[in-house]
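Below are the chains, spelled out letter by letter.
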Amino acid sequence: MGFPVHWFEEEEVRSTERVKEEDNVERLMARDSREERQPKPTLKVAAHGSKLIGWVPPMLPRQMNDWIVASGLSSLQHTSLARIDTHLLSAFVERWHPETSSFHMSFGEMTITLDDVSCLLHVPIRGELVDPDVVVTDYDAIHLAVELFGVSLSDATAEASTVRGPYYKLDWLKQIFEQQRAANNFTGAMRAYMMLLLGCTILADKTFTLVEAKYLNPQFPSSLTSTMSSINGLM
């Protein structure tokens, strides 16, 4: 009469899983300990709240206001902070674990959900993700500016030569917005204003002064460009 071996096999599997889990915890603790002993890099925060206070006009023309409301991004005009608590952000950064995409706090784990984004920024969280998988060259950035902003080829080329890449400077976008609005070219003015607004808020990056031209690509159905077809009658 033989003895069943399933119990021993299951117990061995559970024991092996516990050992692996303990090893993972030990490795994470050792890594955290090493990181605590090492000098921490300076945290740089891209915040354009002070700029937006002066850049966002108190009142937009009706056509432009209708466009930005229809895009669902009008709240971005007032969501950026003028002052940032870098110490508070540093504390959260130190507790972020990319393995679980969550913060490991003393009371447990917590993460950021789309509902949090909606509550804090009041932007739409349904629809297509604004993540254009396109390659935009310097040449494309120049001709997109000419076609969609309404600037001259010489002005767009001069701007491209200063940024050295498929980007637009935030200061330059502000100038284009003001020039096109004064010329009653509300379509070009609105595109420049939306790129400026996005570059100062949810699309801000480590350059602190630039926004990528790929977000202006008319072939990508983002809220910035696809809205044009649906509310073009307002312009």
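The structure this text deals with has already been given above.
Cut-offs and rules
Residues numbered from 1 in each chain as written. Predicted model: local features only at pLDDT ≥ 70, side-chain atom pairs only at ≥ 80, totals over all residues. Heavy atoms only, no water. Buried < 20%, exposed > 50% of the residue type's maximum accessible area, 1.4 Å probe, protein only. Helix = DSSP H or I, 4+ residues; strand = E, 2+ residues; numbered from the N terminus. Arc of directions from axis to C-beta. 1 Å grid on protein atoms, 1.4 Å probe; cavity = no way out; pocket = protein on both sides within 12 Å on 5 of 7 lines; lining within 4 Å. Points joined across faces, edges and corners; volume = space filled by probe spheres on them. Core = buried A, V, L, I, M, F, W, Y, C linked by side-chain atoms within 4.5 Å. Contact = heavy atoms within 4.5 Å.

A. How the structure looks around helix α7 (residues 153-163). Regarding α7, the residues found buried are Ala156, Glu159, Ala160 and Val163. Buried residues of α7, viewed axially, fall in a sector of 100°; they line one side. More than 90 degrees from the buried face of α7, the exposed residues found are Ser154 and Ser161. Among the residues trailing α7, Arg164 stands out with phi positive, at a value near 55°.

B. Broad picture of the layout of surface pockets. Space inside the largest pocket adds up to approximately 1400 Å³. Along the wall of the largest pocket there are 31 residues; nearest its centre are Leu81, Ile84, Leu89, Leu120 and Leu121. Those elements that place two or more of their residues in the lining of the largest pocket are α4 (86-94) and α5 (114-121).

C. Quick look at the nonpolar core. By size, the foremost hydrophobic cluster in this structure holds 42 residues, and its most contacted members are Met64, Phe149, Tyr168, Trp172, Leu173, Tyr193 and Met195. Counting residues per element, this core draws most heavily on helix α9 (residues 186-200), which supplies 11 residues. The residues contacting Tyr168, other than those within four sequence positions of it, are Ala141, Leu144, Ala145, Phe149, Glu159, Leu173, Met195, Thr209, Leu210, Val211, Ala213 and Leu216.

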